[in-house]
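Geometric and topological summary
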Amino acid sequence: MAGRINDDDVKAVRDAVPIDSVVSEYLQLRSAGGGNLKGLCPFHDEKSPSFQVSPSKGLFHCFGCQEGGDTIAFVMKIDHLSFSETVERLAAKAGITLRYEEGGYNPSHQRGERIRLIEAHQAAAEFYVRALESPEAEIGRKFLAERGFDQEAAAHFRVGYSPAGWDHLTRYLRGKGFSDKELITSGLSQDGRRGPIDRFRGRLMWPISDTAGDVVGFGARKLRDDDNGPKYLNTPETPIYKKSQVLYGIDLAKKDIAKASRAVVVEGYTDVMACHLAGVTIAIATCGTAFGNDHIKILRRLLMDNGSARVIFTFDGDAAGQKAALRAFEDDQKFAAETYIAIAPDGMDPCDLRLVKGDDAVRDLVEPRTPLFEFALRQIVGRYDLETPAGRAAALDEAAAVVAKIKTSSVQREVAVQLAGFVGILDQEFVVRRVAQLARWARDKGGEGRGGDGRGGRGPGPQDRRGGAPQQSAQAYPAPAGRTASSGPALHLRSPAHRTERELLKLALQKPALVCPAFDAYGVDEFTAPPYAAVRRCIEEAGGAERGLGDSREYLVAVMDAAPDDTVRNLVTELAVEVFHGKTIDENYAGVQLVQVRLRAVDRRIDDVQSSLARLGSNVAPHELAAAQNEVWVLQQYAQSLRARGADAL
């Protein structure tokens, strides 16, 4: 087994791969001020961005779900990798050769499973691309040419060909050092009578990549009549390929989707190719499954759900296409973006439309015109005879149940008014009341409450509406190792004491030069909130804020490594990226926080000593009384000096 990765190499990987470039592969980031970036969190559903990235510190933190950490932690969580797999992956991206403590390099058979499977798919993609140039693949090249795709187009989309023999790819990958077990697990091979054989044979091959651009699967199109398999055959579910969580073309389209705040959802691989070649470089497709909730999450992170975002679905005009549109409408409200549907004349898909009418027709097709909800409701209403009262009533019952699922009350009312027009009912308020009644019944039946914003959301969001920082529960944080948790009230950020302690910790993590060396003389017990006492202990164990005067990233990593658990570690990242309350963050601002935290600690000590004396009364020994009175006098003088001279008295 390979040894532990050298610590210096881990640090080199952290420094070499900017966190914003890695996170940007999965979601759109925008300026959050103060040099930070923000986006929709990839780890939980949210309506507004509470996920922040600090490029200068190499950290991320979500103020909604409290996930946080550095580049390595982000990749580990989002791609479900081990620490060593993540470091190896990022090292490969940065061109860094890793050393292992027990000597030597990491042999290929000792690499993490995910990395090995991705490497197998990358090798397979290259194999298929070369095979498309073979005489046997003439049928594949002809298929592409008949659909308007030349050699350059095939190369751009890395389209390939799987030879018709039993084990061409299997033997090739074995020669590359991949084991039979890895080939079966990857889905590239399957069990045969005498061992593994190729899963894909004699087919045109499209590589399917994840958001990061790694090939994780393939879509294979039948070319010959004697092929008894399905028209399209996809990679089976594997550790790296989940068809409900991938979108074909997302690796090519993601930057333009984020830039334009627009996405086009088509039905097939050739439709994606046709759109991109026609200049619609925001087109993506599902891979043999309906467009669902996981696909929405991918697009929402790229679209950022701003008010101008648009998602356009292109479905065939046949019954199957109509059914797909209705399914999409079921999930429509999960987008903050406006959703539309585009159906080409004569039911042509984008690939056929490009062949018959050219690139301009494809670009015109995907201009948003018909809102998805309107199309879906017209499809429902169109099944009934609206010339009769019974037909109108039946149409209203079915369509109203669909409208009732819209959680935003204002949108629900607006669509209900339009439904009245579709059905031909003049009394719009009657339809509005009917929809609202069905919505109440559904909530009562399912026990679903609705948030105060009417969206079924989480309420005000991660930031207190008064401008405060995220609310925490003090009980969620354990006492620092080896110490009893500092006493004090539950953490409540409208408390001046807790707010000041938070600001001081943020300074110690983000701008240590402003609080050194005074901060390092502060005891853990000077922080009344147990979570803040835990973070203070982490800073102490990492070498103090003075260590942050050197390499700030190394310092923050050391503080996180000192955390006793993920809860404290997440609070460290939160404080390390959170903006300050003050407008000007300078020595004066830092001095105020230092003085306030120390002054409150001094006042607490005075109260404690005086309370003890009052409880003991005449039972206290004379020398103990004199010592206590002297301590109170000294503390009172110190408090007076702090109030008069500020930071100069520290």
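Everything that follows concerns the structure shown earlier in this document.
The notes below deal with the structure included here.

**What about the packing of aromatic side chains?**
Tallied over the full model, the rule gives 16 aromatic pairs. Ring centres 6.4 Å apart and planes at 65 degrees place the aromatic pair phenylalanine 43 and phenylalanine 51 in the edge-to-face group. By relative accessible area, which is 21% here, phenylalanine 43 ends up partly exposed. Among the aromatic side chains, those forming a connected cluster through ring pairs are Tyr26, Phe43, Phe51, Phe60 and Phe74. The ring of phenylalanine 43 carries lysine 77 above its face, with NZ or CZ at 5.3 Å from the centroid. Taking the ring centre of phenylalanine 143 as reference, the NZ or CZ of arginine 147 above it sits at 3.6 Å.

**Digging into the packing of helix α11 (residues 269-277) against helix α14 (residues 350-357)**
Contact geometry for α11 and α14: axes closest at 7 Å, N-to-C directions at 45 degrees. Relative to α14, the element α11 lies oblique. Along the contact surface, α11 presents Thr270, Asp271, Ala274, Cys275 and Leu277, while α14 presents Pro350, Cys351 and Arg354. Looking at side-chain class alone, the contact of α11 with α14 contains five nonpolar, one polar and two charged residues.

**A closer look at the nonpolar core**
In terms of nonpolar packing, the biggest core is built from 68 residues, with Leu144, Trp206, Tyr248, Ile257 and Leu299 touching the most fellow members. Counting 41 residues, the second largest nonpolar core, distinct from the first, contains Val524, Val557, Leu575 and Tyr589.

**Structural notes on the environment of glycine 279**
Its location among the elements puts glycine 279 in the loop between α11 and β13 (283-285). Glycine 279 sits 84 residues away from arginine 363 along the chain, and the two C-alpha atoms are 7.1 Å apart.

**Re the pattern of salt bridges**
Under the counting rule described, the total for this entry stands at 33 salt bridges. Between glutamate 429 and arginine 413 there is a salt bridge, with its nearest N and O atoms 2.5 Å apart. You can see glutamate 429 sitting in helix α19 (residues 428-446) and its partner arginine 413 sitting in helix α18 (residues 409-423), a full 16 residues away along the chain. Given the relative accessible area of 34%, glutamate 429 is considered partly exposed. For arginine 413, a relative accessible area of 40% corresponds to the partly exposed category. Across the pair glutamate 554 and arginine 547 runs a salt bridge, and its minimum N-O distance is 3.5 Å. By relative accessible area, which is 36% here, glutamate 554 ends up partly exposed. Taking relative accessible area as the criterion, arginine 547 reaches 35% and is therefore assigned partly exposed.

**As for the side chain of glutamate 25**
Looking at the element boundaries, glutamate 25 is found in the loop between α2 (19-23) and β1 (30-33). Within polar-contact distance, the side chain of glutamate 25 engages the side chain of lysine 93 at 2.9 Å. In this structure, glutamate 25 is in contact with Lys93, Thr211, Ala212 and Lys254, ignoring residues within four places of it in sequence.

**Points about the pairing of strand β2 (residues 36-39)**
Pairing between β1 and β2: three bridges, direction antiparallel. Across the sheet, serine 31 pairs through a bridge with leucine 37, a residue of β2. Here β1 folds back onto β2 in antiparallel fashion, the turn holding two residues, of which glycine 34 has a positive phi close to 65 degrees.

**Observations regarding the sheet that holds strand β11 (residues 232-234)**
Sheet architecture is open: four strands sit in the order β6-β9-β10-β11, paired in antiparallel fashion. Single-partner strands in this sheet number two, and they are β6 (160-162) and β11. Neighbouring strand axes in the sheet, compared pairwise and without regard to direction, differ in orientation by 35 degrees on average. The sheet contact formed by β6 and strand β9 (residues 203-209) spans three bridges and is antiparallel. Across the sheet, serine 162 pairs through a bridge with arginine 203, a residue of β9. Along the sheet, helix α6 (residues 138-146) makes contact with β9 and β10 (215-222), crossing β9 at roughly 70 degrees.

**Quick word on the sheet that holds strand β15 (residues 338-342)**
Pairing is mixed in the open sheet, where five strands are placed in the order β13-β12-β14-β15-β16. Edge positions in the sheet fall to β13 and β16 (370-371), since each of these pairs with one other strand and no more. Judged from the two bridges that link them, β15 and β16 form a sheet pairing that is antiparallel. Across the sheet, residue tyrosine 340 finds its bridge partner in β16, namely proline 371. Taken strand by strand, helix α12 (residues 293-303) contacts β12 (262-266), β13 and β14 (310-314), and its axis lies near 155 degrees from that of β12.

Cut-offs applied
Residues numbered from 1 in each chain as written. Predicted model: local features only at pLDDT ≥ 70, side-chain atom pairs only at ≥ 80, totals over all residues. Heavy atoms only, no water. Phe/Tyr/Trp six-rings, centres within 6.5 Å; stacked < 30°, edge-to-face > 60°. Buried < 20%, exposed > 50% of the residue type's maximum accessible area, 1.4 Å probe, protein only. Lys NZ or Arg CZ within 6 Å of the ring centre and 35° of its normal. Axes fitted to C-alpha atoms, helices over the stretch in contact; angles between N-to-C directions. Helix = DSSP H or I, 4+ residues; strand = E, 2+ residues; numbered from the N terminus. Parallel < 35°, antiparallel > 145°, perpendicular 65-115°, else oblique. Contact = heavy atoms within 4.5 Å. Nonpolar A, V, L, I, M, F, W, Y, C, P; charged D, E, K, R; others polar. Core = buried A, V, L, I, M, F, W, Y, C linked by side-chain atoms within 4.5 Å. Salt bridge = Lys/Arg side-chain N within 4 Å of Asp/Glu carboxyl O. Polar contact = N/O pair within 3.5 Å; in protein donor to acceptor, adjacent residues only side chain to side chain. Pairing = 2+ DSSP bridges.

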